[in-house]
Amino acid sequence: QVQLVESGGGLVQAGGSLRLSCAASGQILSTYAMAWFRQAPEKEREIVAAISWSGGSTYYPDSVKGRFTISRDNAKNIVYLQMNSLKPEDTAVYYCAGGPKSRTYASAYNDWGQGTQVTVSS
């Protein structure tokens, strides 16, 4: 069993930056893949970024590509999401996810955090 806890959310002005963190604990496999998803009110949950166990392979949808960066520190069991040039449409609850393989769809991930709110004002 793996527990994930997100932190770093908050209120930021458009054009600003935030860094989200996700701390993992429990039975973590050495090949544990992780990702970030987000869900805005009345919207479906969508992929924000994904990273392989080694950190050597990442994925970003076009909506955040060039603005967001995912990284991980396996020694500390932490994954980060650096968000730059934030836009009001980035406003959502951001969730950390983990699973055996890196994928772009939510059902591939077994473990989920409780989420952290990110609000971007215009």
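Quick caveat, the model's predicted, so the values are computed rather than measured.

### Focus: the overall build of the protein
Link 1 in the chain: Across its full length, the protein holds zero helices and eleven strands.
Link 2 in the chain: Its helices and strands in sequence order give the protein the pattern β-β-β-β-β-β-β-β-β-β-β, from N to C terminus.
Link 3 in the chain: Radius of gyration (C-alpha) of the protein: 13 Å, near the 14 Å computed for a compact globule of 122 residues.
Link 4 in the chain: Expressed as lengths along the three principal axes of its C-alpha atoms, the size of the protein is roughly 40 × 25 × 25 Å.

### What to know about the nonpolar core
Link 1 in the chain: If you look at the biggest cluster of nonpolar residues, it comprises 26 residues, and the most contacted ones within it are M34, W36, L81, M83 and Y94.
Link 2 in the chain: Where this core is concerned, the elements lending two or more residues are strand 1 (2–7), strand 3 (18–26), strand 4 (33–39), strand 5 (46–51), strand 7 (68–73), strand 8 (78–83), strand 9 (92–99) and strand 11 (116–121).
Link 3 in the chain: No other element matches strand 3, which puts four residues into this core.
Link 4 in the chain: The contacts of Y94, once residues within four sequence positions are left out, are E6, L20, W36, F37, R38, V48, F68, L81, M83, G115, T116 and V118.
Link 5 in the chain: Membership of the second largest hydrophobic core comes to seven residues, among which are A35, F37, A50 and A108.

### Considerations on the packing of aromatic side chains
Two measures describe an aromatic ring pair: the distance that separates the ring centres and the angle between the ring planes.
Link 1 in the chain: For the structure on display, the rule yields two aromatic pairs.
Link 2 in the chain: For the ring pair F37 and Y109, a centre distance of 5.7 Å and an interplane angle of 70° mean the geometry is edge-to-face. Separated by 72 residues along the polypeptide, F37 in strand 4 and Y109 in the loop between strand 9 and strand 10 (111–112) bring together distant segments of the chain.
Link 3 in the chain: Take F37: its relative accessible area is 1%, and that puts it in the buried class.
Link 4 in the chain: Relative to W112, the ring of F37 lies with its centre 5.1 Å away and its plane at 55°, an arrangement referred to as tilted. With F37 in strand 4 and W112 in strand 10, this residue pair connects regions lying 75 residues apart in the sequence.

### Considering the environment of K87
Link 1 in the chain: Mapped onto the fold, K87 is located in the loop between strand 8 and strand 9.
Link 2 in the chain: For K87, a relative accessible area of 35% puts it in the partly exposed group.
Link 3 in the chain: As a C-alpha pair, K87 and S121 span 34 residues in sequence and 7.8 Å in three-dimensional space.
Link 4 in the chain: Other than its neighbours up to four places away in sequence, K87 contacts R67 and V120.

About the cut-offs
- Residues numbered from 1 in each chain as written.
- Predicted model: local features only at pLDDT ≥ 70, side-chain atom pairs only at ≥ 80, totals over all residues.
- Heavy atoms only, no water.
- Helix = DSSP H or I, 4+ residues; strand = E, 2+ residues; numbered from the N terminus.
- Rg over C-alpha atoms; globule rule 2.2 N^0.38 Å.
- Core = buried A, V, L, I, M, F, W, Y, C linked by side-chain atoms within 4.5 Å.
- Buried < 20%, exposed > 50% of the residue type's maximum accessible area, 1.4 Å probe, protein only.
- Contact = heavy atoms within 4.5 Å.
- Phe/Tyr/Trp six-rings, centres within 6.5 Å; stacked < 30°, edge-to-face > 60°.

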